[in-house]
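# Analysis of the macromolecular model
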Amino acid sequence: MSVATLEDAGTPARAGAATVTLEIDGQPVSVPAGTSVMRAAALAGVKVPKLCATDSLEPFGSCRLCLVEIDGRRGTPASCTTPAEPGMRVTTQSDRLARLRRGVMELYISDHPLDCLTCAANGDCELQDMAGAVGLREVRYGYDGANHLEAAKDESNPYFTFDASKCIVCSRCVRACEEVQGTFALTIGERGFASHVSAGMDEAFLDSECVSCGACVQACPTATLTEKSVIEMGQPARSVVTTCAYCGVGCSFEAELQGSRVVRMTPHKDGRANHGHSCVKGRFAWGYATHADRVTRPMIRAAITDPWREVSWEEAIGHAASEFRRIQAKYGRGAVGGITSSRCTNEETFLVQKLIRAAFGNNNVDTCARVCHSPTGYGLKTAFGTSAGTQDFDSVMEADVVFVIGANPTDGHPVFASRLKRRLREGAKLIVADPRRIDLVHTPHVAAEHHLQLRPGTNVALINALAHVVATEGLMDEAFIAERCDPADFAVWLDFIRRPENAPEATEAMTGVPAAEVRAAARLYATGGRAAIYYGLGVTEHSQGSTMVMGMANLAMATGNLGRPGVGINPLRGQNNVQGACDMGSFPHELSGYRHISEEAPRALFEAAWGVRLDAEPGLRIPNMLDAALDGSFLGLYVQGEDIAQSDPNTRHVTAALAAMECVVVQDLFLNETAAYAHVFLPGASFLEKDGTFTNAERRISRVRRAIPPLAGKADWEVTVELAAALGYPMAYRHPSEIMDEIARLTPTFAGVSYERLDRLGSIQWPCNDAAPEGTPIMHVGGFARGRGQFVVTEFVPTDERTGPRFPLLLTTGRILSQYNVGAQTRRTANSVWHGEDVLEIHPHDAEHRGIRDGDRVALASRSGETALTARISERMQPGVVYTTFHHPESGANVVTTDYSDWATNCPEYKVTAVEVRATNRWSQWQEENERFREVAHRVGAGLEAAE
Amino acid sequence: MAGPAAAAEDAAFDAAAVIEIAEGLRGLEGPLLPILHAVNDRLGHVDARAVPLIADILNLSRAEVHGVVGFYHDFRRAPAGRHRVQVCRAEACQAMGGEALVQQLERRFGIPCGQTTADRQVTLEAVYCLGNCALSPAAMVDGALVGRADGERIAAAIAGRAP
């Protein structure tokens, strides 16, 4: 790691106080019990030569390079596998050790190519470093003996190569795949001289079980596993610590650069969300940032059927501002609005909602959290008083029972899933509630005790049944409830939940989950020790999404599983900054920090700071904006970094509404599906191109740091500032840190947050204020944010979306590992080798009944619309349920989804659509029309291209 | 890379037997080796196609099972010939002419050590110590020890005669 900011101490840290004192080369050092001699030496500033040891992996003791002498002990023990003991006197350098180490290196090098000068690892090779460290000067065995120099190179993975000729069989890759990632895709094949690293059963990496997380590449001490980008470009010269812009795990990365070219992204060891781990998206799928499709010049057009015309920033921003003002003059102040992005920074999101509230003068601001985790905000705020998850990710390492509901962590949140799997391998028990048999149900070294394979749309019936068992079998934590929860609400809830219709035997007919299985799962959750719930969009994206969130809160409160490590209710947030976008006041009814716009005090605070009068009435939500557009009362929209034409449900309704507007301003990296309906296009900046912060699913605020200059010349926040100025509302910020300072001044939960403190602490979990100056890893310790926890009656009201003769199957949607959301980024990377198109998963029975074979094209129709996809027959599905993803615009998954939504928050019911599937040999009418329309709507005028 | 496993691809494969064995023994502590032994014994080798089945039943990755199969040479990865001839090439037997015996047998069967005759009658393999050093050079034919081995005694054992 030539530019890494942290040294490798050789073996992992051990918890506890430094109680063991020993001497390394005469220097005293104190370490926690269980620390290796190697790590103790590193902490004393003494480097012991090593090859098979690295501090991300347990010691292995195979390379025999780290031998040391210990007073009073025979021989030369390996320092990596020898625990430090009190009073030990260790010598790391002597003539004898030098001879031994040189002898070992001679053997390694006798079977290693001597092409260092042209090797991709030149400058970043531990083998080369160790040859230097031990003073290797000759190889007495020569180089002509049996060797592996002609071993084949595996280049099947799009991002890294495996060059077996350079492998020293240290097993670091194999151990990383097991210990860090938990996939077990690698092994050592054969033995003795024939020992070699084998992916799967001596398969190509791409064909093996490998998920391309990069842990093996990170662990490899030689050129054997090397990023193709490094092979192509050479070693990076500098690095910038920043935060990944994919999922809500919010991994910390080092962007490693040559000048302003990214060479690679490597996970940051100090990152407290990821602890040095990564997934295929964050580690490798960053090439979209410089993809040829990036639009780097502002563009405008009069009508969406016109070609785009490239213009200056001034003209584009001026045009957008004058259009918004024209629309407001003609149709009223409320005829325009905007959508903030969970992909953008906190600072950018804050500015967009500020622009809307202060410059547009209305509250018509919403965010894409509307369509994913708005029920989380509503439900958790109602129950506990805070619209956020209760734990940090590290908490999972102390859980005894993990209940995963409506989430697929190995695909959606892979780095968290790796930690979860590690904890499960340590013995924690797993319960999964999901209509599909997700990987966690049965994957190497992990098996769910209970897979509650419920029918889509019956979450609330299931959670009530679980709570019923807890409440009727004497499994409640009476002391916790008495001390921490509101007694009146609890009494009402208890009466409700004990009713016979909530018994598992009664709900079985609705959920399809056998009563005995529900009872067993409830007993395990209630009595298995510290129990933690992790959930995803399979909970929220339902017409009872908010009810389900409160149902889970009820269950956790009833069993006392809140307010300490290892327990809690934890939303796995979809996008990098969903939490942040919600925190920043993106919802029409809330100012930053979840204060209702109708509340006098917070509104007055903002009015004073911003120098404007704020409307006390909540504005329009996204679905309201779309409906109003079709009514002719909402005609101007500013969309930052969101693609509602692909991501929002019932596509034809969304696009009809967009087409009805007079001015749609899209700010994005690419001409996305929504841009096809736009009149102004403002080029966006990727996360590599700007400063700011993201807040992940554990409320962790992490810095995003500019690694390369913005391709279009401006960071997104700068564009919003200029748009506000053009609207006659100047905002004077010189740097995003000043925006954060304003957020901190106006938001009690962020009061202690500043860039200076973030730089000092690395990251901060809000609330961060005088009471918790370094942040709050675990919420509701000792008492709930709202005072007493609120039990809420969660009656199961089934969705109006029902199967019937015309639409007998249920469609549920989700995501897969290699693609991300609407795919705007990942489709523009080599990740598409894993998932080149969206497919429809269907159970063999349903397929056979319809004469559908694996790989057939099928029509997928609902009452909303119809599309066509390729079928994949899969026993992951239960009969009667089909599944697809929405990563590719051509597949039109959301043409099929409906406009049913959560009763409280309007979060769409993506997870339940009644459909029919039939074999077809053609694309749907929507697909053909949309293809033609996109060709027209995405045209860029010829004149300006010629001017380039 | 698949080597011997690839050779077996075309051969018939009794998946049901593998599943039955693996399901039957999965409850043992450390069930993988007993399962591999049982498959090897019953089907004559551990076919590459058995590996994912065993891995799935034991909740292991196929890489892990593959690694174990490859580590132990006693697990065959392709069907053996009708008769299996194992000749010791460890130190004591080498001292007593074991290497010459290997060469003699390679000539006699017309195959290098580690392979099977074209008529699939004989598989010749090296082993490293049968624990019968007192009667070096040692060999084993179809599981029965042959002490003071030579070409004739081995041929006799193959033919089913007492050597």
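For clarity, every value in this text was computed on a predicted model and none was experimentally measured.

All names here are of chain B. With their axes 8 Å apart at the nearest point, helix α4 (residues 50–58) and helix α5 (residues 62–71) run at an angle of 120 degrees to one another. Classed by the angle they form, the pair α4 and α5 counts as oblique. Helix-helix and strand crossings are classified by hand; for α4 and α5 the assignment is right-handed. Only Arg62, Glu64, Val65, His66 and Val69 of α5 make contact with α4, whose side of the interface consists of Val51, Pro52, Ile54 and Ala55. Residues belonging to the contact of α4 with α5 are distributed by class as follows: six nonpolar, one polar and two charged.

Quick look at the pairing of strand β32 (residues 809–814) of chain A now. The buried fraction of β32 of chain A amounts to six of the six residues, a majority that puts the element mostly inside the structure. Burial along β32 of chain A is two-sided: the residues Leu809, Leu811 and Thr813 of chain A and Leu810, Thr812 and Gly814 of chain A are all buried.

As a rule of thumb, soluble globular proteins bury nonpolar side chains together. Residues and elements named next belong to chain A. Judged by nonpolar contacts, the single largest core of 186 residues is most densely connected at Val402, Leu466 and Met552. Examining the composition of this core, we find that 10 residues originate from one element, helix α13 (residues 459–472), more than from any other. Setting aside residues up to four positions removed in sequence, Val402 forms contacts with Val396, Leu420, Leu424, Ala428, Leu430, Ala532 and Tyr534. Counting residues in each nonpolar core, the second largest holds 118 residues, with Ala657, Val721, Ile739 and Val896 among its members.

As a further point, take the packing of helix α8 (residues 313–331) of chain A against helix α25 (residues 716–726) of chain A. To characterise two packed helices, one gives the angle between the axes of the helices and the distance between these axes. Residues and elements named next belong to chain A. Between α8 and α25, the shortest axis-to-axis distance is 9 Å and the interhelical angle comes to 50 degrees. The pairing of α8 with α25 is recorded here as oblique in orientation. Note that α8 runs across α25; the crossing there is right-handed. Taking contact as the criterion, the partners of Ile317, Gly318, Ala320 and Ala321 in α8 are, on α25, Glu722, Leu723 and Ala726. Counted by class, the contact of α8 with α25 contains five nonpolar, one polar and one charged residues.

Within a sheet, adjacent strands bond to each other through the backbone by hydrogen bonds, running parallel or antiparallel. Residue and element names in this part refer to chain A. Within the open sheet, the five strands sit side by side as β21-β18-β17-β22-β23. Their pairing is parallel. Each edge of the sheet is formed by a strand with only one pairing partner; in this case those strands are β21 (450–452) and β23 (569–571). Taking each pair of neighbouring strands and ignoring which way they run, the sheet shows an average axis angle of 15 degrees. Both strand β22 (residues 531–535) and β23 contribute to a ladder of three bridges, which runs parallel. Within β23, the residue paired with Tyr534 across the bridge is Asn570.

Taken as a whole, chain B is organised into domain 1 (4–71) and domain 2 (83–158). Of note, the centres of domain 1 of chain B and domain 2 of chain B, computed from C-alpha atoms alone, are 27 Å apart.

It is worth spelling out the pairing of strand β12 (residues 261–267) of chain A at this point. Residues and elements named next belong to chain A. Summarising burial for β12: six of the seven residues are buried, a large majority. Examined bridge by bridge, strand β11 (residues 252–258) and β12 share six bridges and lie antiparallel to one another. Paired with Glu256 across the two strands is Arg264, which belongs to β12. Where β11 hands over to β12, the hairpin turn is made up of two residues, of which Gly259 adopts a positive phi near 55 degrees.

This part takes up the interface of chain A and chain B. At the junction of the two partners, chain A supplies 19 residues and chain B supplies 14 residues. When residues of the side of chain A that touches chain B are traced back to their parent elements, those giving at least two are β7 (186–189) and β8 (196–199) of chain A. With four residues, β7 of chain A is the single largest residue contributor to the side of chain A that touches chain B. Among the residues forming the side of chain A that touches chain B, the class breakdown is eight nonpolar, seven polar and four charged.

The element α5 of chain B is largely enclosed, with a buried count of eight among its 10 residues. Of all the positions in α5 of chain B, only Arg62, Ala63, Glu64, Val65, His66, Gly67, Val69 and Gly70 of chain B are classed as buried. Where α5 of chain B is buried, its residues touch β7 and β8 of chain A together with α3 (32–43) and α4 of chain B.

Frequently, the measure chosen for interface size is the accessible area that the parts lose on association. Residues and elements named next belong to chain A. Domain assignment breaks chain A into domain 1 (18–93), domain 2 (313–372 + 577–687 + 701–754), domain 3 (392–571) and domain 4 (809–936). Once you take the C-alpha centre of each, domain 3 and domain 4 turn out to be 28 Å apart. Each partner contributes residues to the interface: domain 3 has 18 residues there, and domain 4 has 23 residues. Elements represented by at least two residues in the side of domain 3 that touches domain 4 include exactly α11 (409–412), α18 (537–540) and α19 (545–558). In terms of residue class, the side of domain 3 that touches domain 4 is built from three nonpolar, 11 polar and four charged.

Thresholds, definitions, all that
- The residue numbering used here restarts from 1 in each chain and proceeds along that chain's sequence as written.
- Going through the entries in the order they are written, you letter the chains from A and number the ligands from 1.
- Given that the model is predicted, a residue must reach a pLDDT of at least 70 before its local features are reported, and side-chain atom pairs must reach 80 or more before they are shown or counted; all residues, however, enter totals for whole chains, interfaces and linings.
- Axis lines are fitted through C-alpha atoms, for helices just across the contact stretch, and the angle between N-to-C directions can take any value from 0 to 180 degrees.
- By the criteria applied, helices consist of DSSP H or I runs no shorter than four residues and strands consist of E runs no shorter than two, each listed in order from the N terminus.
- To sort the angles, those under 35 degrees are grouped as roughly parallel, those over 145 as roughly antiparallel, those from 65 to 115 as roughly perpendicular, and the leftovers as oblique.
- Each crossing gets its hand from how the near helix is turned against the far one by less than a right angle, where anticlockwise is left-handed and clockwise is right-handed.
- Working definition of a contact: two residues with C-beta atoms, positioned from the backbone, lying within 7 Å.
- Three categories are distinguished: nonpolar for Ala, Val, Leu, Ile, Met, Phe, Trp, Tyr, Cys and Pro, charged for Asp, Glu, Lys and Arg, and polar for the others, with Gly belonging to the last.
- Counting other C-beta atoms within 10 Å of each residue's C-beta, where C-beta atoms are placed from the backbone, gives the exposure class: buried for 20 or more, exposed for 12 or fewer, partly exposed between.
- Working definition: the nonpolar core is a set of buried Ala, Val, Leu, Ile, Met, Phe, Trp, Tyr and Cys residues, joined through C-beta atoms within 7 Å.
- Here, a strand pair is defined by DSSP locating no fewer than two bridges between the strands.
- Residue ranges for the domains originate in an automatic or database domain assignment.

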